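Listed below are the residues making up each chain.
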Amino acid sequence: MFSLSAVALITWQVLVRGPLLAPDARLSRALVRTVPDAVTERLSDLGNVPVAVPVLLLAVAYAVRRGDRLGAAAAALAMALVPALVVPLKEWTARPGPLEPWAAGYFPSGHTATAAVAYLGAALLLSPYTRRPWPTAAALVLTGATAAGLVLRGFHWPLDVVASLLVCAPLLLGVRWFSRPDPRSTRRSSG
């Protein structure tokens, strides 16, 4: 799968301080603090657990109420897997932050992963019932705003954010797979 291969390549570059880190650092220097901190901190906060996870929990509850227990379970499991995947990578790579070279544990971005799974997972659960693209559009905006805020504020390098999105892709594919509407269910089509 492409996303896992890309994560492996980026992780290898971080571990060996490979050539991908130079353009990553240049891009970070060009972007950090180009937007006021008050704005970028709020955008970054969209990836906080107390902000993002309740959105997913509401979508999970709605999906369960509509009879999509398998999709709801897949989304909940995907969120539970985020720290199980991200934390060991942070500890293993011990990458310093753009504005805190003495600190470690910035790769990959946990806030980006939390936002992606929470918002996109919620959109995957809600989309079969809305039959409109707004859940996905809203999820992409919220996830993108989180990622942009993290990079613009200097909380993460651009590759930290990209790697998080790539780590989450298989999790979200699993949610998509299990949250397919059951054509036999009358509750799903009445929505």
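This text goes with the structure placed above it.
Reference entry: report on the structure contained in this document.

Cut-offs used in this document
Once a new chain begins, its residue numbering starts again from 1 and follows that chain's sequence as written. The model is predicted, so local features are restricted to residues of pLDDT at least 70 and side-chain atom pairs to those at 80 or more, both for listing and for counting; the totals for chains, interfaces and linings are taken over all residues. Side-chain measures here rest on the full set of heavy atoms in the structure, leaving out hydrogens and waters. Put simply, DSSP marks the helices as runs of H or I at least four residues long and the strands as runs of E at least two long, and each gets a number from the N terminus on. The classification of residues rests on relative accessible area computed with a 1.4 Å probe and restricted to protein chains. Under 20% of the type maximum is buried, over 50% is exposed, and intermediate values are partly exposed. Only the six-membered ring of Trp is used, alongside the rings of Phe and Tyr, when aromatic pairs are assigned; centres must lie within 6.5 Å, and planes under 30 degrees apart are stacked while those over 60 apart are edge-to-face, with the rest tilted. Multiplying 1.5 Å by the helix residue count minus one yields the expected span of that helix. Working rule for contacts: check all heavy atoms of both residues, and any pair within 4.5 Å makes them a contact. Axes here refer to lines fitted to C-alpha atoms; in helices the fit is confined to the stretch in contact. Angles between the N-to-C directions go from 0 to 180 degrees. In this scheme, roughly parallel covers angles under 35 degrees and roughly antiparallel covers those over 145, while 65 to 115 is roughly perpendicular and the rest are oblique. Patches here are clusters of residues that have more than 30% relative accessible area and form no salt bridge, with a 9 Å joining cutoff for like charges and a 5 Å cutoff for nonpolar side chains (Val, Leu, Ile, Met, Phe, Trp, Tyr). Areas reported as accessible are Shrake-Rupley estimates using a 1.4 Å probe. Residue values count occlusion only from the protein chains shown. What counts as a salt bridge is simple: a side-chain nitrogen of Lys or Arg found within 4 Å of a carboxyl oxygen of Asp or Glu.

## A look at the environment of Pro23
- Position of Pro23 among the secondary structure elements: in helix α2 (residues 21–31).
- By relative accessible area, Pro23 is classed as partly exposed at 38%.
- Along the sequence, Pro23 and Leu159 sit 136 residues apart, while their C-alpha atoms lie 9.7 Å from each other.

## Here we look at the environment of Leu4
- In this structure, Leu4 sits in helix α1 (residues 2–16).
- Sequence separation between Leu4 and Ala163 is 159 residues; the distance between their C-alpha atoms is 9.3 Å.

## Brief notes about the packing of aromatic side chains
- Inspection of every chain in the model, using the stated rule, returns one aromatic pair.
- Measuring from centroid to centroid gives 5.6 Å for Tyr62 and Tyr129, while their planes differ by 85°, and the two rings are edge-to-face. You can see Tyr62 sitting in helix α4 (residues 49–65) and its partner Tyr129 sitting in helix α6 (residues 110–130), a full 67 residues away along the chain.
- Exposure remark for Tyr62: the relative accessible area of 29% places this residue in the partly exposed category.
- By relative accessible area, which is 5% here, Tyr129 ends up buried.

## Let's talk about helix α7 (residues 134–153)
- With 20 residues, α7 extends 28 Å from end C-alpha to end C-alpha; this agrees with the ideal 28 Å at 1.5 Å per step.
- Of all the positions in α7, only Pro135, Ala139, Thr143, Ala145, Thr146, Ala147, Gly149, Leu150, Val151, Leu152 and Arg153 are classed as buried.
- Contacts from the buried residues of α7 go to α2, α3 (37–45), α6 and α8 (158–178).
- One or two residues past the end of α7 sits Gly154, with phi positive at roughly 90°.

## A closer look at the packing of α6 against α7
- At a closest axis distance of 7 Å, the pairing of α6 and α7 adopts a crossing angle of 175°. As judged from the angle between their axes, α6 and α7 are roughly antiparallel. Of α7, the residues touching α6 (which contributes His111, Thr112, Ala115, Ala116, Tyr119, Leu120, Ala123, Leu126, Ser127 and Thr130) are Trp134, Pro135, Thr136, Ala139, Leu140, Leu142, Thr143, Thr146, Ala147 and Leu150.

## Things to note about a nonpolar patch on the surface
- A cluster of nonpolar side chains, namely Leu9, Trp12, Val16 and Leu20, defines an oily patch on the protein surface of about 370 Å² accessible area.
- Mapped onto the elements, Leu9 comes out in helix α1.

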